[in-house]
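Residues per chain, in single letters:
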Amino acid sequence: MNKIKRAVKARLLPWFAANKRSMPWRSNRTPYRVWISELMLQQTRVDQATPYFHRFMKRFPSLKSLAAASQEDVLKMWEGLGYYSRARNLHKAAQIIAADYSGRFPRDPAEILKLPGIGGYTVAAIGSLAFNLDMAVLDGNVIRVLSRLTAYTTDTRTTTAKKELQQLADELLVKGDAGNFNEAMMELGATVCLPKNPQCGECPMSKVCLGHESGRPTDYPVKAPKKKTPHMVVGAAVVTNRKGEVLIAQRREKDMLGGLWEFPGGKQETGETIQQCIVRELKEELGINIETCGFLVTVKHAYSHFTMDLHTYFAKIKSGRPRPLECQNFQWLKISDLRKVPYSKADLNIIAELEKPNGLKKG
DNA sequence: AACTCGGGGTC
DNA sequence: GACCCAGAGTT
């Protein structure tokens, strides 16, 4: 333990100073910028979050501007990044800070932790990076680095392991330099202590690493295998009217992809064709009777907990007027206006299909 | 403790 | 295909 602790100070921090990557949130480190970046980086790689961070800061340069925005505008800036509850929670938290903390980001970790979307990792990240508090982060990188350093054999998905590894991180933390310590640990995990091909030859900690000493560093971290994800077949309709406008519905806030817009539809049930599924779903969701016309496209999409084949057909209303029965809202939009509101990736693929030359021809 | 919640890179 | 990623919230 003390050997590891000495190696952190003597080797890890100098290694980080010499090898740290350039990231936009590493300059001009205000609490607001740290907060936004940390939310974007939850379960998301640096390269994926970076362009979103630039666009978000341009559109919402201050906490006040974020608090004053509509949720739909915030979701539009998050479109394609995934885990949309992060965006909804971010927006709610901005309004709480504006109302209860005079627009100033709270400094007390207990207060930070109360904000929606902020848990144990993020409060430590903001505390250390924005306020120089002695708090150690525990993320996927740190779990891998620590479990290899100590040849840790407990399943790291368990709460026992999380607790013990958090304690270990707390002990190793370089007091007074927590931000650098945390970033160094994560940078090491992201660039050297890789999941499948650890670059032990380039690692500043290899001399004190039990995983390296064992000759089988990839045996750590120990993880129970995940269950395989189910597969869904889903139907969706591009309903057009006489003006050539398209009907879109807004998903309910509590549902998956909540607040995003979509081409209405739903899961195929046993014993029905995909066209029958679409007819049924639009009756249930919007109270309209439709007939399907031509086939448009099938979008294959993998979510974190299931995979989906999304079959999309054109359709027209036979009777009834849309009402928001199982959705938050609906509207008719010209194809050229569709991208003004936020969608999930699967529905963006449908829009791309509609935008192709002759895309609406079949409707 | 188990489950839900996106999207994309990597092997 | 499976795994992983600067995890949090709900049940």
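Residues numbered from 1 in each chain as written. Chains lettered and ligands numbered in written order. Predicted model: local features only at pLDDT ≥ 70, side-chain atom pairs only at ≥ 80, totals over all residues.

1. A word on the sheet that holds strand 4 (residues 265-267)
Taken together, the four strands give an open sheet; going across it, the order is 4-1-6-5, and neighbouring strands pair in mixed fashion. Only two strands of the sheet have a single partner each, and these edge strands are strand 4 and strand 5 (289-302). Shown here is a sheet whose adjacent strand axes are inclined to one another by a mean of 20 degrees, direction ignored. Sheet topology places strand 1 (residues 231-239) next to strand 4; three bridges connect them, and they run antiparallel. (Pairing = 2+ DSSP bridges. Helix = DSSP H or I, 4+ residues; strand = E, 2+ residues; numbered from the N terminus. Axes fitted to C-alpha atoms, helices over the stretch in contact; angles between N-to-C directions.)

2. Things to note about the protein's contact with DNA strand C
Near DNA strand C you find 32 residues, and of these Leu41, Gly119, Thr122, Asp139 and Gly140 are the closest. Taken together, the residues of the surface near DNA strand C break down into 12 nonpolar, 11 polar and nine charged. (Near = placed C-beta within 6 Å. Nonpolar A, V, L, I, M, F, W, Y, C, P; charged D, E, K, R; others polar.)

3. What about the protein's contact with DNA strand B?
Every one of the 21 residues lining DNA strand B counts as a neighbour, but Gly82, Thr159, Ser304, Ser344 and Lys345 are closest to it. For the surface near DNA strand B, the class distribution of residues is six nonpolar, 12 polar and three charged.

4. Some remarks on the UniProt feature "binding site: 8-oxo-dGTP" (unreviewed entry) in chain A
UniProt annotation of "binding site: 8-oxo-dGTP" (unreviewed entry) refers to Arg251, Glu262, Phe263, Pro264 and Gly265 when read in the numbering used here. Overall, Pro264 belongs to the buried group, with 27 C-beta atoms counted inside 10 Å. Since 25 C-beta atoms lie within 10 Å of it, Gly265 is described here as buried. In this view, Gly265 contacts Val234, Gly235, Ala236, Ala237, Ile278 and Glu281; residues no more than four positions away in its chain are not counted. (UniProt positions renumbered as here; feature names shortened; annotations may be inferred. Buried ≥ 20, exposed ≤ 12 C-beta atoms within 10 Å, placed from the backbone. Contact = placed C-beta atoms within 7 Å.)

5. Observations concerning helix 14 (residues 345-355)
Every buried residue of helix 14 is accounted for by Ala346, Asp347 and Ile350. For helix 14, the angular spread of buried residues about the axis comes to 95 degrees, placing them on one side. Where helix 14 is buried, its residues contact strand 3 (261-262), strand 5 and strand 6 (307-319). (Arc of directions from axis to C-beta.)

6. Details of the nonpolar core
Grouped together as the largest cluster of nonpolar side chains are 92 residues, with contacts concentrated most on Val142, Leu146, Ala169, Ala237 and Ile278. No other element matches helix 2 (residues 31-41), which puts seven residues into this core. Residues from two domains meet in this core; each of domain 1 (2-219) and domain 2 (231-355) gives at least three. (Core = buried A, V, L, I, M, F, W, Y, C linked by C-beta atoms within 7 Å. Domains from an automatic or database assignment.)

7. Let's talk about the pairing of strand 2 (residues 246-250)
The buried count for strand 2 comes to four of five residues, which makes it a mostly enclosed element. Summarising the sheet, strand 2 and strand 7 (residues 329-333) pair through five bridges and their orientation is antiparallel. Bridge pairing links Val246 to Leu333 in strand 7. Judged from the two bridges that link them, strand 2 and strand 3 form a sheet pairing that is antiparallel.

8. Details of the domain arrangement of chain A
For chain A, the assigned domains are domain 1 (2-219) and domain 2 (231-355). Placing the centre of domain 1 and that of domain 2 at their C-alpha centroids yields a distance of 37 Å. The dominant element in the side of domain 1 that touches domain 2, judged by the number of residues it contributes, is helix 5 (residues 71-78), at four residues. In terms of residue class, the side of domain 1 that touches domain 2 is built from two nonpolar, two polar and four charged.

9. Considerations on the packing of helix 2 against helix 8 (residues 120-131)
To characterise two packed helices, one gives the angle between the axes of the helices and the distance between these axes. Taken N-terminus to C-terminus, the directions of helix 2 and helix 8 make an angle of 150 degrees; their axes are 10 Å apart at the nearest point. As helix 2 packs across helix 8, the resulting crossing turns out to be right-handed. Mapping the contact onto sequence places Pro31, Val34, Trp35 and Glu38 in helix 2 and Thr122, Ala125, Ile126, Leu129 and Ala130 in helix 8. Its residues assigned to classes, the contact of helix 2 with helix 8 comprises seven nonpolar, one polar and one charged. (Left-handed = near helix turned anticlockwise from the far one by under 90°.)

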